[in-house]
Structure formats: structure tokens, C-alpha cells
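Next come the chains, spelled out residue by residue.
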Amino acid sequence: MEEIEVRHKRISIFAIILLVFLGASLWIFFVTIQVLPNPFIPVDVETVILPTPRPTSNVEVPVETQYQNPFDENTQYVNPFSSYQNPFDSIE
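About the thresholds
Residues numbered from 1 in each chain as written. Predicted model: local features only at pLDDT ≥ 70, side-chain atom pairs only at ≥ 80, totals over all residues. Heavy atoms only, no water. Helix = DSSP H or I, 4+ residues; strand = E, 2+ residues; numbered from the N terminus. Buried < 20%, exposed > 50% of the residue type's maximum accessible area, 1.4 Å probe, protein only. Areas by Shrake-Rupley, 256 points an atom, 1.4 Å probe, with all protein chains shown as cover. Patch = residues over 30% accessible without salt bridge, like charges linked within 9 Å, V, L, I, M, F, W, Y side chains within 5 Å. Salt bridge = Lys/Arg side-chain N within 4 Å of Asp/Glu carboxyl O. Phe/Tyr/Trp six-rings, centres within 6.5 Å; stacked < 30°, edge-to-face > 60°.

## Structural notes on the overall build of the protein
Stage number 1. Helices and strands together make up the secondary structure of the protein, namely one helix and zero strands.
Stage number 2. For the protein, buried positions account for 1% of its 92 residues.
Stage number 3. Carbon and sulfur atoms make up 62% of the accessible area of the protein, which amounts to about 10,400 Å² in all.

## Let's talk about a nonpolar patch on the surface
Stage number 1. On the surface, a cluster of nonpolar side chains totalling about 1,100 Å² of accessible area is made up of Leu-19, Leu-22, Leu-26, Trp-27, Ile-28, Phe-29, Phe-30, Ile-33, Val-35, Leu-36 and Phe-40.
Stage number 2. Take Leu-26: it is sitting in helix 1 (residues 2-32).

## With respect to the packing of aromatic side chains
Stage number 1. Per the stated rule, a full pass over the model turns up two aromatic pairs.
Stage number 2. Judged by centre distance (6.1 Å) and plane angle (85 degrees), the ring pair of Trp-27 and Phe-40 falls under edge-to-face. Of this pair, Trp-27 sits in helix 1 while Phe-40 sits in the segment after helix 1, placing them 13 residues apart in sequence.
Stage number 3. On the accessibility criterion, Trp-27 (34% relative accessible area) is partly exposed.

## Examining unusual backbone geometry
Stage number 1. Unlike most non-glycine residues, Gln-34 shows phi in positive territory, near 60 degrees.
Stage number 2. Along the polypeptide, Gln-34 turns up in the segment after helix 1.

Following this line, the structure appears as C-alpha cells:
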């Protein structure tokens, strides 16, 4: 019984070491063919090429728009517990 348990422990340790080695070798392979970035090389921010958005020529933005309130001012909600007073009310 003890021989079987020792043999299973050796196999499991060997399997873990094999998986770590396989993962490290795959990572090194993908870094060398530049599929993954190398985290040990510092990146120069000035030389990084960032994607720039393409300008569209069919964009029309109205320069001036005016909001018109579709609701009646007399029926709009006023908070009765508010202590705020509009300073421009005294101008009228």
C-alpha cells in the first residue's frame, strides 16, 4: 500500500512540474513571436502606436440649438420644503 501511495505522489509531483514547464515554454514561445507582450521590457510611451479614430466627413452638428420647455411653467413641480430662492426673481 505504501509503495502505491509513494508512486502516486511522485507521479503527481512530476505532473505538476511538467505542467509548469509546459506553460513556461508556451509563454516564452508566444513572447518570442510577439503574440504576447514581454512584461520585462519597459515600454517607451512616446513610441507606442495608438489607434486613432478616423474622421467622418458626413457629420453635421447644429451650431445653435435652443431648448423650448414643452410644459407649462405654472404646472411644474416646486419643492415646498426648499429654502432656495432664485436671485433673479427680484429683477422682474
